Amino acid sequence: MNQRILIKGSTIVNEGKTVIADVLLSEGRIAKIGKIEAEPDDKVIDGTGKHLFPGIIDGQVHFRDPGATHKADLHTESKAAVVGGVTSFIDMPNTIPNTLTMERLNEKYEIASKKSLANYSFFLGVNGDNLDEVIKTDTTKLMGVSDDGLYFTKKGNLLADNPETMEKLFANCKSIIAIHSEKEQIVEQNEEKYREMYGDDVPVKFHPIIRSTQACYEATERAIGLAEKHGARLHILHLTTEAETHLFRNDIPLEEKKITTEVSVHHLWFSDEDYERLGVLIKWNPAIKTKKDKEGLLQALLDDRIDLITTDHAPHTLEEKQKPYFQSMSGAPMVQHTLNCMLEFHHQGKISLEKIAEKMCHNPARLYRMYKRGYIREGYYADLTLVDLNQSWTVAKDNILYKCGWSPLEGTTFHNKVLKTFVNGNLVYDEGNFAEDTFGMAIEVEA
Ligand SMILES: NC(=O)N[C@@H](CC(=O)O)C(=O)O
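Not measured: the values here are computed from a predicted model. (Residues numbered from 1 in each chain as written. Predicted model: local features only at pLDDT ≥ 70, side-chain atom pairs only at ≥ 80, totals over all residues. Heavy atoms only, no water.)

Student: Could you clarify how one ought to interpret the sheet that holds strand β8 (residues 119-122) in this entry?
Tutor: Hydrogen bonds between backbone atoms are what pair the strands of a sheet, whose relative direction is either parallel or antiparallel. Ordered by their spatial adjacency, three strands build an open sheet running β6-β7-β8, and the pairing between neighbours is parallel. This sheet does not close on itself; its edge strands, each paired only once, are β6 (56-61) and β8. Averaged over all neighbouring strand pairs, the angle between strand axes comes to 20°, with direction disregarded. The pairing of strand β7 (residues 86-91) with β8 spans four bridges and is classified as parallel. Bridging across to β8, F89 finds its partner in Y120. (Pairing = 2+ DSSP bridges. Helix = DSSP H or I, 4+ residues; strand = E, 2+ residues; numbered from the N terminus. Axes fitted to C-alpha atoms, helices over the stretch in contact; angles between N-to-C directions.)

In structure tokens form, the structure reads like this:
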């Protein structure tokens, strides 16, 4: 049974408000919020002058476990996650072997139960071969979040972009269809063109032209068309273009939306101006695009056409990254610094603290129907993060927790710091120290 913890006098950022109050954590849950006197055995934490957020819920990570654990694993990356204030995550199906069956999905829950410091859930992947199995499975009853990761433009096992497969999926799938939205044919044509001009060593500044706005827009438009035709529940992962933001609505509450989307923090943080400085280190799929796209994404986040912020934490070793364009793996690690980046935008006057809590805590829980998570409410799981908005520090090799040991943000100075992170009422991260053997839980779905 976890010890009672009393967080005194912090500024709670929750449900559109900031309020100073005490918060009592007991038996894994938030027992009380208000003015609370400590009992003799309580662990008391002075939160005066600090901000308390609901734990960050990251709706899209690649923790590489099983099968690519030379890059990352559920222990190392969940450790980095809690340092970044993340208390729950949903992991993608492109592990090895790919998560294409319930058996594979259950294996991942088993591994996480022994390794993950944060709460966890896993997407089930869909391709042309496992579609019948996915359709037969009652995805609404899956342990944890019941989503299907349908990948457009994933070569190999996770590509599901032929028209019949897609029609069948959208017509029959009972849960959220989450897609990586880029049209493979367009990307391939562009790749060929640039390969003819440059061989293997295409300058990375052409990445957003190869993985173009057109490739993204046409795939997203096609998916929305199918979702509307069949009344399916669609979620577009990591949006990257200003053009696509206009395909989404903000005139109805999230619970009523059948079509939702998210932005990953690197697409808000970087733009094509950064390719010269960072090269292939910021080669991501979909690509980081122009400054206009970056600004358009932030605007759509603020006016609620974009519902969530995720990291798409996609670690690779430096050796796997630092190669000529076509061999360099796409993706980079971000989960440790997502909240820092968003709080830095707050520092720059671009977004309110309440909006950050909405997009990183409340909305992921609402969208994926997570049971009693995402808010600071009595009776909810005590997933919390305490931050200092008046502390400066710089990202450097010696404070990066990722197994791959690097970050595209090295050298960046943040004016905010995560101090403590609580997962299910346990103080899992405490200013440089970890409760290494305190594992998270499988995230339950609301009935
Ligand atoms: N986002 C990325 O650039 N990379 C992802 C895979 C993917 O989503 O393309 C990865 O797993 O490395």
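Student: Honestly, helix α5 (residues 184-198) in this entry has me stumped. Any pointers?
Tutor: What sets the pattern is the α-helix's 3.6 residues per turn: residues three or four places apart point alike. Relative to the 21 Å expected for 15 residues at 1.5 Å per residue, α5 spans 21 Å between its end C-alpha atoms, a close match to the ideal helical length. Those residues of α5 lying buried are E184, I186, V187, N190, E191 and Y194. Viewed along the axis of α5, the buried residues span an arc of 155°, placing them on a single side of the element. Across from the buried face of α5, at angles greater than 90 degrees, the exposed residues are Q189 and E196. At the C-terminal side of α5, G199 shows a positive phi close to 70°. (Expected span 1.5 Å × (residues − 1). Buried < 20%, exposed > 50% of the residue type's maximum accessible area, 1.4 Å probe, protein only. Arc of directions from axis to C-beta.)

Student: Please clarify how the pattern of salt bridges should be interpreted in this entry.
Tutor: Should their charged atoms come close, side chains of opposite charge can pair. The tally for this structure, following the rule as stated, stands at 31 salt bridges. Note that E39 and R4 form a salt bridge whose closest N and O atoms lie 3.8 Å from each other. Taken together, the positions of E39 in the loop between β3 (29-34) and β4 (43-46) and R4 in the segment before β1 (5-14) put the pair 35 residues apart, joining distant regions of the chain. A salt bridge links K8 to D22; the shortest N-O distance between them is 3.2 Å. Taken together, the residues span a long stretch of sequence, with K8 in strand β1 and D22 in strand β2 (residues 17-26) at a distance of 14 residues. Relative accessible area serves as the criterion here: at 6%, D22 is assigned to the buried category. Residues participating in the shared-partner salt-bridge network are D304, K355, E358 and K359. (Salt bridge = Lys/Arg side-chain N within 4 Å of Asp/Glu carboxyl O.)

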